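Take a look at the letters that make up each chain.
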Protein chains: 2
Amino acid sequence: MEIENYFSNRATVRDYSDREVSNEVINGILEKAMRAPTCGNMQLYSVVVTRDNTNKEKLAALHFNQPAATGSNLILTICADFNRFSRWCELSEASPCYSNFHSFIMAATDAIIYAQQIVTIAELEGLATCYLGTVNYTAKEISDLFLLPELVVPVASLSIGYPTDAPPVKTERLPLEAIVHLEHYRKDSDKEIKSLFKTKEEWPDNKRFVKENDKKTLAQVFTDIRYPLKTNETVSQTFINLLQEKGFI
Amino acid sequence: MEIENYFSNRATVRDYSDREVSNEVINGILEKAMRAPTCGNMQLYSVVVTRDNTNKEKLAALHFNQPAATGSNLILTICADFNRFSRWCELSEASPCYSNFHSFIMAATDAIIYAQQIVTIAELEGLATCYLGTVNYTAKEISDLFLLPELVVPVASLSIGYPTDAPPVKTERLPLEAIVHLEHYRKDSDKEIKSLFKTKEEWPDNKRFVKENDKKTLAQVFTDIRYPLKTNETVSQTFINLLQEKGFI
């Protein structure tokens, strides 16, 4: 794929053909992605590859059976992992000291950089990928399914496959000035904030969501339905509990 | 740059030439990177661009004046940002409900995906980039310098510039089997763990670090000098305090 067009036009694909991603292809991607930047060259990540049908069904259920999970033959779960490094320390007359929140942040950052490197390499090789944000919602159950040990926590899930012929749906983005702040964080006026979200509010799909959900504004679709308070608070607590169980806090 | 070679060979460059990265170039990169995957298309990130000499000196000091910070004309600080989205909710008859840990994880994930997309696009365009891991150590001071509001926390810093002619130093990586687990997390034996880290231990630069620091093993360089207990615990607490100050916990 041509680089310039790829970055300017990429869109997430949630429909996969039946064609399997071979071990050779996926291992090639995972190997190349290891050259991504990593904190102190510690490589504080692991990836669990799910291919087996029974496991795939269990895992898809933990991703609420969303089509991007059920429709893919291959799911990668990328974990923040300070276990391997700590074990090496123990075996090397060194006292590992990574049972703390900062170490989780280091490892989670490493893992997400690695996940995004996988996405870019895979998509440039003609594969389609989709992050399953549900990984945070059921991180405890996913952790149990994979028998994750101490200091290992899932932080990103990717379904991967060959795309169907259907064109990817390109969604809208905020204007660049929404994101970029020069020297200091700019305090936008209410009017400016409204203006930054104008394209989003007027995007046909988003207008449809408002109507279908019988809401007054698009923001209500997010606060009342997609990412509501009760869910956010429950997930916060279960994720904090998992960080405690795995020894990061 | 040729894609295939890029991903297999990339290495972090910490030496920059004096040539400035123009606004046009950096804005082009930041704009293209916005097509990276983002949670619910919320784009929960912002980037603070530091170019002004006085600010750059202050920021470099917060990165412990490491050469990758002092030697660059441009530093990007990528922040997890639920402020913009929450303000839009408030202005749209919706009650934002993102003052919780799960929302921090969503926003931090978004921000790191965006940061890594910037790295890939910039490097493919011939620029050099370096993550400054120190962003977590001084996140509170960086936050104050940038006047970051509620629900905005820095999670990744990148220095960016044109590379000098010096070849990048390619560091070693673990073998792929260290990272990849099939279906479940594999419990490696002590012998297997030692074997996975053999190349790392025998890498000439790493042997030199052991000697220079008067340590017995490479692991001790990490536990006693680079990422020691006291620092990890202090940074954990200050980062947790910042998440509280910014309303995420």
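Residues numbered from 1 in each chain as written. Chains lettered and ligands numbered in written order. Predicted model: local features only at pLDDT ≥ 70, side-chain atom pairs only at ≥ 80, totals over all residues. Heavy atoms only, no water.

1. Some thoughts on the confidence of the model for chain A
Okay, step 1: Predicted confidence across chain A gives a mean pLDDT of 96, with 99% of residues reaching 70 or more.
Okay, step 2: Across the interfaces of the predicted complex, the ipTM metric reaches 0.98, alongside a pTM of 0.98. (pLDDT = per-residue confidence, 0-100.)

2. Remarks on the packing of helix H2 (residues 23–33) of chain A against helix H6 (residues 101–124) of chain A
Residues and elements named next belong to chain A.
Okay, step 1: Where H2 contacts H6, the two axes come as close as 9 Å, and the packing angle between them is 130°. One finds that H2 runs oblique with respect to H6. Here H2 and H6 pass one another in a crossing that is right-handed. Each of Ile-29, Leu-30, Lys-32 and Ala-33 in H2 lies in contact with H6, whose residues at this interface are Tyr-114, Gln-117, Ile-118, Ile-121 and Ala-122.
Okay, step 2: Residue composition of the contact of H2 with H6, by class: seven nonpolar, one polar and one charged. (Axes fitted to C-alpha atoms, helices over the stretch in contact; angles between N-to-C directions. Helix = DSSP H or I, 4+ residues; strand = E, 2+ residues; numbered from the N terminus. Parallel < 35°, antiparallel > 145°, perpendicular 65-115°, else oblique. Left-handed = near helix turned anticlockwise from the far one by under 90°. Contact = heavy atoms within 4.5 Å. Nonpolar A, V, L, I, M, F, W, Y, C, P; charged D, E, K, R; others polar.)

3. Topic: the environment of Tyr-98 of chain A
Okay, step 1: Inspection of the secondary structure assignment puts Tyr-98 of chain A in the loop between helix H5 (83–90) and H6.
Okay, step 2: The exposure class of Tyr-98 of chain A is buried, given its relative accessible area of 1%.
Okay, step 3: Taking the C-alpha atoms as reference, Tyr-98 of chain A lies 8.9 Å from Asn-83 of chain A; in sequence the two are 15 residues apart.
Okay, step 4: Setting aside its immediate chain neighbours within four residues, Tyr-98 of chain A contacts Phe-82, Phe-85, Ser-86, Cys-89, Ser-103, Leu-151 and Phe-248 of chain A together with Phe-222, Thr-223, Tyr-227 and Asn-232 of chain B.
Okay, step 5: In this structure the side chain of Tyr-98 of chain A is engaged in a polar contact, spanning 3.4 Å, whose partner is the backbone oxygen of Phe-222 of chain B.
Okay, step 6: Here the side chain of Tyr-98 of chain A touches Tyr-227 of chain B through a polar contact of 3.1 Å, landing on its backbone oxygen. (Buried < 20%, exposed > 50% of the residue type's maximum accessible area, 1.4 Å probe, protein only. Polar contact = N/O pair within 3.5 Å; in protein donor to acceptor, adjacent residues only side chain to side chain.)

4. So, the relation of the copies chain A and chain B
Okay, step 1: Superposition of chain A onto chain B requires a rotation of 180° combined with a translation of 0.0 Å along the rotation axis, giving an RMSD of 0.0 Å. Accordingly, the operation relating the two chain copies is best matched by a two-fold axis.
Okay, step 2: Most of the interface of chain A is mirrored in chain B, where 100% of its interface residues are also at the interface. (Least-squares fit on C-alpha atoms with pLDDT ≥ 70 in both.)

5. A closer look at the packing of aromatic side chains
Okay, step 1: All chains considered together, the criterion is met by 33 aromatic pairs over all chains.
Okay, step 2: Taking the centre distance of 4.7 Å and the plane angle of 70° together, the rings of Tyr-6 of chain A and Phe-7 of chain A count as edge-to-face. Each member of the pair, Tyr-6 of chain A together with Phe-7 of chain A, is buried.
Okay, step 3: Ring centres of Phe-101 of chain B and Phe-104 of chain B lie 6.2 Å apart, and the angle between their planes is 35°; this geometry places the pair in the tilted category. Here Phe-104 of chain B and Phe-101 of chain B lie together in helix H6 (residues 101–124), a separation of three residues that amounts to about one turn.
Okay, step 4: A relative accessible area of 5% means that Phe-101 of chain B is categorised as buried.
Okay, step 5: Taken together, Phe-101, Phe-104, Phe-239 and Phe-248 of chain A together with Phe-101, Phe-104, Phe-239 and Phe-248 of chain B form an aromatic cluster joined through their ring pairs.
Okay, step 6: Residue placement shows Arg-19 of chain A over the ring face of Tyr-162 of chain A; its charged tip is 3.7 Å from the ring centre. (Phe/Tyr/Trp six-rings, centres within 6.5 Å; stacked < 30°, edge-to-face > 60°. Lys NZ or Arg CZ within 6 Å of the ring centre and 35° of its normal.)

6. Some words on empty space enclosed by the protein
Okay, step 1: Considering all chains together, one arrives at two cavities of 30 Å³ or more under this definition.
Okay, step 2: Of the voids in this model, the largest cavity is the one considered here, and its volume is about 130 Å³.
Okay, step 3: Around the largest cavity, the lining is made up of 14 residues, and of these Ile-105 and Ala-108 of chain A together with Ile-105, Ala-108 and Ile-112 of chain B lie nearest the centre.
Okay, step 4: When contributions to the lining of the largest cavity are tallied by element, the ones reaching two or more residues are H6 of chain A together with H6 of chain B.
Okay, step 5: Taken together, the residues that form the lining of the largest cavity break down as 11 nonpolar, three polar and no charged.
Okay, step 6: Quantified by volume, the second largest cavity comes out at close to 40 Å³.
Okay, step 7: In terms of lining, the second largest cavity is formed by Tyr-16, Ser-17, Arg-19, Glu-20, Val-21, Gly-71, Ser-72, Asn-73, Leu-74, Ile-160, Gly-161 and Tyr-162 of chain A. (1 Å grid on protein atoms, 1.4 Å probe; cavity = no way out; pocket = protein on both sides within 12 Å on 5 of 7 lines; lining within 4 Å. Points joined across faces, edges and corners; volume = space filled by probe spheres on them.)

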